[in-house]
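# Architecture and fold: a report
These are the residues of each chain, in order.
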Amino acid sequence: MTLRPLCAIEDIPDGGAKGFGPPTGGFTGLFAVRRGADVVVYVNSCPHIGVPLDWAPDRFLTADGSRILCATHGAEFSIGDGVCVRGPCFGDRLEAVMIHIKDGVILVPEDAGL
């Protein structure tokens, strides 16, 4: 499996999130959320109608940073598993992306987001 780098873990503020553009030939980006040394990556697409989640660059979290927020519908998702806990897509989940971390760099499959 071919992997592509997203960024260094340190490029994401602890307790924050960061968005990434789509891979070459794609049009759906990814985003990562960091909690200390733990990082999760999801496809930047709301399961309700497929719109990107962020309302501004790197703005993926609720005001208190406890959940992922869809700016279009107000749906809220658990950070750890991507399950929608509030909103029009209740019970659905974000598409998780498998990650590898090597030398502090977050790597994802080359086709993630396609």
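Refer to the structure above for everything that follows.
Conventions we followed
Residues numbered from 1 in each chain as written. Predicted model: local features only at pLDDT ≥ 70, side-chain atom pairs only at ≥ 80, totals over all residues. Heavy atoms only, no water. Helix = DSSP H or I, 4+ residues; strand = E, 2+ residues; numbered from the N terminus. Rg over C-alpha atoms; globule rule 2.2 N^0.38 Å. Phe/Tyr/Trp six-rings, centres within 6.5 Å; stacked < 30°, edge-to-face > 60°. Buried < 20%, exposed > 50% of the residue type's maximum accessible area, 1.4 Å probe, protein only. Core = buried A, V, L, I, M, F, W, Y, C linked by side-chain atoms within 4.5 Å. Contact = heavy atoms within 4.5 Å.

### So, the overall build of the protein
When its secondary structure is counted, the protein shows zero helices and 10 strands. Along the chain direction, N to C, the helices and strands of the protein fall in the order β-β-β-β-β-β-β-β-β-β. In terms of C-alpha radius of gyration, the protein reaches 13 Å, essentially the compact-globule figure of 13 Å for 114 residues. Summarising its shape, the C-alpha atoms of the protein cover approximately 35 × 30 × 25 Å along the three principal directions.

### Remarks on the packing of aromatic side chains
For the structure on display, the rule yields two aromatic pairs. When the ring of Phe-31 is compared with that of Tyr-42, the centres are 5.8 Å apart and the planes differ by 40°; the resulting orientation is tilted. One end of the pair, Phe-31, is in strand 3 (residues 30-35); the other, Tyr-42, is in strand 4 (residues 38-43), and 11 residues separate them in sequence. Of the two residues examined, Phe-31 and Tyr-42, each falls in the buried class.

### Observations regarding the nonpolar core
In terms of nonpolar packing, the biggest core is built from 16 residues, with Phe-31, Val-33, Leu-53, Ile-68, Phe-77 and Leu-94 touching the most fellow members. If we ignore the near neighbours within four places in the chain, the residues touching Leu-53 are Phe-31, Asn-44, Ser-45, Cys-46, Phe-60, Ile-68, Leu-69, Cys-70, Ala-71, Phe-77 and Leu-94. With 14 residues, the next largest nonpolar core counts Leu-30, Val-41, Val-43 and Val-97 among its residues.

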